[in-house]
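Report on the structure
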Amino acid sequence: MSLSLTRHGPTLLRRSLVGVTTAVALTAAALLPSAASHPAEAADAADQTAPVFGVNMSLYDGNDHLATDSGTQDLFAGWGTPTVRVPLRDTYPGNGTALQDNDWLTAMRAVKNVGATPVLILRGPDGDRSDSEIKATDTHLMDLVHQVFQDSTVYLEFGNEPDNAGVNVGDYTASWNEVVPTLKAKYPGLDYRFVGPVWSRSDASAGDYIAQFAENASPEPDALSWHEYVCDTTGGWDDPGSGSDTCTTHLVNWQKHVNNIEQQIEPVLGHTLPYLVSEWNIDPNDHGDAYDDDHVDDLATWTTAAIDELRSLTPAPAGAMIYTATDHGNFGLVQGSSTLTAQGTAFEQAMTDDSGGGSGGGSGGGSGGGSGGGDGVSVGFEDGSDGGWSGYYGGADPVVTTDVAYEGTHALRFSLSSGGHSAVGTSEGLDGVEPGSTVTYHVYAAQSETTVTPFVRDANYAATMASSVTLPRGQWTTVTWTVPSVSEVGAIGLDASSGTGTVALDALTWDAS
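Residues numbered from 1 in each chain as written. Predicted model: local features only at pLDDT ≥ 70, side-chain atom pairs only at ≥ 80, totals over all residues. Heavy atoms only, no water.

Bringing the pattern of salt bridges into the picture now. Evaluation of the coordinates by the stated rule reveals 14 salt bridges. One salt bridge in this structure joins R85 and E279, with 3.0 Å as the shortest N-O distance. Residue R85 is found in strand β5 (residues 83–87), and its partner E279 is found in strand β10 (residues 275–281); the two are separated by 194 residues along the sequence. For the pair R85 and E279, one class covers both residues: buried. Between R129 and D126 there is a salt bridge; the shortest N-O distance is 2.6 Å. According to the relative accessible area criterion, D126 is partly exposed, its value standing at 23%. (Salt bridge = Lys/Arg side-chain N within 4 Å of Asp/Glu carboxyl O. Helix = DSSP H or I, 4+ residues; strand = E, 2+ residues; numbered from the N terminus. Buried < 20%, exposed > 50% of the residue type's maximum accessible area, 1.4 Å probe, protein only.)

Under the counting rule described, the total for this entry stands at 1 disulfide. With a sulfur-sulfur separation of 2.0 Å, C231 is cross-linked through a disulfide to C247. Between C231 and C247 the disulfide shows an S-S torsion of about 100°. By sign, it is right-handed. Residue C231 is located in the loop between β9 (223–229) and α7 (246–249), and its partner C247 is located in helix α7; the two are separated by 16 residues in the primary sequence. Relative accessible area serves as the criterion here: at 3%, C247 is assigned to the buried category. (Disulfide = S-S within 2.5 Å.)

As a further point, take unusual backbone geometry. Going from S218 to P219, the amide bond is cis rather than trans, its omega being 10°. Following the sequence through the fold, P219 ends up in the loop between α6 (204–216) and β9. Phi at L59 is positive, roughly 55°, even though this residue is not glycine. Mapping L59 onto the fold places it in the loop between β4 (53–56) and α1 (65–68). The class for L59 is buried, based on a relative accessible area of 2%. A positive phi angle is found at E161, which is not glycine, with a value near 50°. Within the element layout of this structure, E161 appears in the loop between β7 (154–158) and α5 (169–186).

A few words now on the side chain of S417. Residue placement: S417 occurs in the loop between β16 (411–415) and β17 (422–426). The exposure class assigned to S417 is buried, which follows from its relative accessible area of 15%. A polar contact is formed between the side chain of S417 and the backbone nitrogen of G419, at a distance of 3.2 Å. With residues up to four places along the chain from it excluded, the contact list for S417 reads G394, S422, S498 and G499. (Polar contact = N/O pair within 3.5 Å; in protein donor to acceptor, adjacent residues only side chain to side chain. Contact = heavy atoms within 4.5 Å.)

This brings us to the environment of V489. Relative to the helices and strands, V489 resides in strand β23 (residues 489–496). Relative accessible area serves as the criterion here: at 15%, V489 is assigned to the buried category. Expressed as a C-alpha distance, the spacing of V489 and G432, which sit 57 residues apart in the sequence, is 9.9 Å. Residues contacting V489, with those up to four places away along its chain left out, are L430, V433, E434, P435, V456, R457 and V483.

Strand order in this closed barrel of 8 strands is β4-β5-β6-β7-β8-β9-β10-β11, and the pairing throughout is parallel. If you compare each strand with its neighbour and ignore which way they point, the axes differ by 25° on average. Of the strand pairs in this sheet, β9 and β10 are connected by 6 bridges, and their pairing is parallel. Bridging from a neighbouring strand, L224 pairs with Y275 of β10. Running over the sheet, α5 touches β6 (117–122), β7 and β8 (192–199) and is turned about 165° from β8. (Pairing = 2+ DSSP bridges. Axes fitted to C-alpha atoms, helices over the stretch in contact; angles between N-to-C directions.)

This brings us to the packing of aromatic side chains. Applying the stated criterion across every chain yields a total of 19 aromatic pairs. Ring geometry for F76 versus W79: centroids 5.1 Å apart, planes at 70°, classification edge-to-face. In this pair, the class of F76 matches that of W79, namely buried. Measuring from centroid to centroid gives 5.7 Å for Y406 and W476, while their planes differ by 75°, and the two rings are edge-to-face. One end of the pair, Y406, is in the loop between β15 (399–401) and β16; the other, W476, is in strand β22 (residues 476–482), and 70 residues separate them in sequence. The residues Y406 and W476 share a single accessibility class, namely buried. Feature note: the residues F158, Y172, W176, W199, Y209 and F213 constitute an aromatic cluster, connected by ring pairs. (Phe/Tyr/Trp six-rings, centres within 6.5 Å; stacked < 30°, edge-to-face > 60°.)

Here's what the structure looks like:
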């Protein structure tokens, strides 16, 4: 039984959340007691990643449409928006009013209504707050986060743009080392991921800052983040799309930024880290000419080019959130409740394009539908049913979830057992699965050190196992295996090692031999 795998970064989420893709050679076949073995062969897997195109919530005042308007929330839910980034501000920039618990809860519940994974901005060092003040506020915010999201995946950025507040890397890292251990200890068993340093840009100096932070941060960040804007158009936007237009030509710098950071981090950590581009757009100034009515078509064209650039980044980001969804000056994908701007129209087309890439996810793209998900997906759980998959042993208790998905908005999640292995499988809908068929699973673990093993059962329920794969925490792994020679395919399934936590399964495909 040959098996290959490709890893994706934390695709959480409503859509395929993406990350580092690695072709891995498997050299050992791990067998379960009483299970027949079939040797594994190493194979390269094609790159199937595509960034997650989420959005920022402005939250400039208490009337933010994404936070408060069900029509706006329905719009973004209809796009399958995978992530929404929310600033848990102390005051509204629009009027200076202090936010209360209900304001933060309203904003977070809006993310849940959209069906997205939250990326939440906690307090961080800004030159004015002491670490004890940050810790007290963030500890309280963590309780609110848990109140809304419980055991779902949550990204937590420690502050926002410390460079713009004049916070040097030593002070930022010292604050992280003082505050974040307390926050992580608050809910240790949950998939709450702490992210820094949230720089406003990613030039050479930013790369140095980010690398020094990653080297000295304790605990190590679960992901890095920075922002990408390409030009200043406050003095005009000359010759949009031409060879002299830096707004367009500088898009290629985004890959250079990724390369620079990866090259600095890997030697000191011995590995790279997932990353988020937690803000991106053309101009960081909402009064830039790029957002004027005169450049409506130019901005739409640029947005399409920017999304293509994000799709091509290697390794791919775990998420890329455009700034912003609504209600911040001339920024915005939506005006009012549901009127799309030109940039909103271009963004929507990327979100719902079935031709591949975008937040439609993985290798298939598109928003998916029925039980099939995207193109070529035989089982995708998109109709909300389990598709005939059930628990085979170990109290797996599979359920369809929208908290995480490789493709579309749904996946099948099952529980590990602390007392032994657990497994899910199906004997239904296996037309075309026969000896020699190539079967592909996409598998996600919410915790580290979980080992999974695909298997086939013959008509007499005798199992033949593929090689075992140890899953990275918070990354989708594409596992491809070949059905061995059996008398008749009675069932296929997935076994998971003993432990606590969950495993998700999505976007299963197979080809007849």
